[in-house]
Amino acid sequence: MSAPDYENKKPRGEGGDLALDTDLGWAIRMVGAAFRRVATDSVADLPGGARGYLVLVALASGEPPSQLALAKEVSLDRTVMTYLLDDLEAHELITRRPDPRDRRARQVLLTDTGRARLKHVRRSLAAAEARLLTDLGDQDAEQLRTLLARVAQTAQRESLTPEEAEC
């Protein structure tokens, strides 16, 4: 039995022929576009769509952050974040309160309604993701998620200005 085609290809820079199916930029673009298509319907009923979803996910994963910390975590401009939080709060998905450690800052909390909506959206999104990853086995899909998360963390860290990195 022979190895799959992708295992037989020479790494880039070793004289191998250039082709779209070995180009990282092309792959990221195709996957990104496909993900947006399959995921859009899953998050469409949330205020802010995909941005609103990311905020709810970030809030579900730990201690209530300040608005500024949340904006940095999900890589949104703080002005955009304020308008998005206003909308999420109007739909009773989040609430804000003064931070007990710094009364000038506002903590953002996920409400029970927000948690329930997130659970529903997450199920719908998981089905969309499964369609996109249909050609991968469970282990490969998990490895892809892990590797992409690591690359995303590097990308987020590298996008910070030197002043922001010191904070």
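Keep in mind that what you see is a predicted model, and the values were worked out from it rather than measured.

(A) Structural view of the overall build of the protein. Helix and strand counts for the protein come out as 8 helices and 2 strands. Listing each helix as α and each strand as β along the protein from the N terminus yields α-α-α-α-α-β-β-α-α-α. Counting over 167 residues, the protein shows a buried share of 25%. Taking contacts inside the protein between residues at least 6 apart in sequence as the whole, the part at least 24 apart equals 49%.

(B) Local environment of the nonpolar core. Counting 23 residues, the largest nonpolar core has Val55, Leu70, Met81, Leu85 and Ile94 as its most contacted members. Every element with two or more residues in this core is listed here: α2 (24-43), α3 (49-60), α4 (67-73), α5 (78-90), β2 (102-110) and α6 (112-132). Broken down by element, the residue count for this core peaks at 5 residues, all from α3. Every residue in contact with leucine 70, bar those within four places of it in the chain, is listed here: Val55, Ala58, Leu59, Pro65, Met81, Leu85 and Val108.

(C) Representation of the packing of α2 against α6. Running from amino to carboxyl end, α2 crosses α6 at an angle of 150 degrees, the nearest separation of the two axes being 9 Å. Comparing the axis directions of α2 and α6 gives the class roughly antiparallel. Note that α2 runs across α6; the crossing there is right-handed. Each of Val31, Ala34, Phe35, Val38, Ala39, Ser42 and Val43 in α2 lies in contact with α6, whose residues at this interface are Val121, Ser124, Leu125, Ala128, Glu129, Arg131 and Leu132. Of the residues assigned to the contact of α2 with α6, the class counts are 10 nonpolar, 2 polar and 2 charged.

(D) Quick look at α3. The end-to-end C-alpha distance of α3 is 17 Å, a good match for the 16 Å that 12 residues give at a rise of 1.5 Å each. Residues Gly49, Gly52, Tyr53, Val55, Leu56, Ala58 and Leu59 constitute the buried set of α3. As for α3, its buried residues are in contact with α2, α4, α5, β1 (94-99), β2 and α6.

Quick notes on the rules
- Residues numbered from 1 in each chain as written.
- Predicted model: local features only at pLDDT ≥ 70, side-chain atom pairs only at ≥ 80, totals over all residues.
- Heavy atoms only, no water.
- Helix = DSSP H or I, 4+ residues; strand = E, 2+ residues; numbered from the N terminus.
- Buried < 20%, exposed > 50% of the residue type's maximum accessible area, 1.4 Å probe, protein only.
- Contact = heavy atoms within 4.5 Å.
- Core = buried A, V, L, I, M, F, W, Y, C linked by side-chain atoms within 4.5 Å.
- Axes fitted to C-alpha atoms, helices over the stretch in contact; angles between N-to-C directions.
- Parallel < 35°, antiparallel > 145°, perpendicular 65-115°, else oblique.
- Left-handed = near helix turned anticlockwise from the far one by under 90°.
- Nonpolar A, V, L, I, M, F, W, Y, C, P; charged D, E, K, R; others polar.
- Expected span 1.5 Å × (residues − 1).

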